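Topology and contacts: notes
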Amino acid sequence: MDRPDLSVTVRRAPTETVVSLTGEIDMSTVPRLAATVDEVLSEPPARVVLDMAGVTFCDSQGLGTLVVLSRKATMAQSYLVLVNVGAFLIRVLDITGLRGALMIQETA
């Protein structure tokens, strides 16, 4: 079975970096997401925005990775903000109790 991949694009601005995600965040794609955010945090902007508009799926490893990346951003004196989060992911975050561990905004 062919599974959708995760497309990651990075757009840097003076005060923030926007990482746009399209596809699935799962055990096979979290290393790419984590590596991208780690690289962005090597010279941390004030804010790292994960644009989740194109995310179609997120498994438990993806959820855990989002929390870890949020903590890494905080340690780098930056903020990780999720925008355009789909209703399915909001529901999963509510069910798992992780919504409060992440900064979520309606739009960038």
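Please refer to the structure higher up on the page.
Keep in mind the model is a prediction, meaning the values are calculated, not measured.

Moving on, we come to the side chain of Asp59. Assignment of secondary structure puts Asp59 in the loop between strand E3 (47-58) and helix H2 (60-75). Of the polar contacts made by the side chain of Asp59, one reaches the backbone nitrogen of Gln61; its length is 3.0 Å. A distance of 2.8 Å separates a polar side-chain atom of Asp59 from the backbone nitrogen of Gly62. The residues touching Asp59, leaving out its near neighbours within four places in the chain, are Ile25, Asp26 and Met27.

Moving on to the pairing of strand E2 (residues 16-25). In terms of burial, E2 is a largely internal element, eight of the 10 residues being buried. Note that strand E1 (residues 6-12) and E2 share seven bridges and pair antiparallel. Residue pairing for E2: Arg12 is matched across the bridge by Thr17. Counting the residues that bridge the hairpin from E1 to E2 gives three residues. Two elements, E2 and E3, share nine bridges in a ladder whose sense is parallel. Note that in E3 the partner of Val19 across the bridge is Leu50.

Calculation notes
Residues numbered from 1 in each chain as written. Predicted model: local features only at pLDDT ≥ 70, side-chain atom pairs only at ≥ 80, totals over all residues. Heavy atoms only, no water. Helix = DSSP H or I, 4+ residues; strand = E, 2+ residues; numbered from the N terminus. Polar contact = N/O pair within 3.5 Å; in protein donor to acceptor, adjacent residues only side chain to side chain. Contact = heavy atoms within 4.5 Å. Buried < 20%, exposed > 50% of the residue type's maximum accessible area, 1.4 Å probe, protein only. Pairing = 2+ DSSP bridges.

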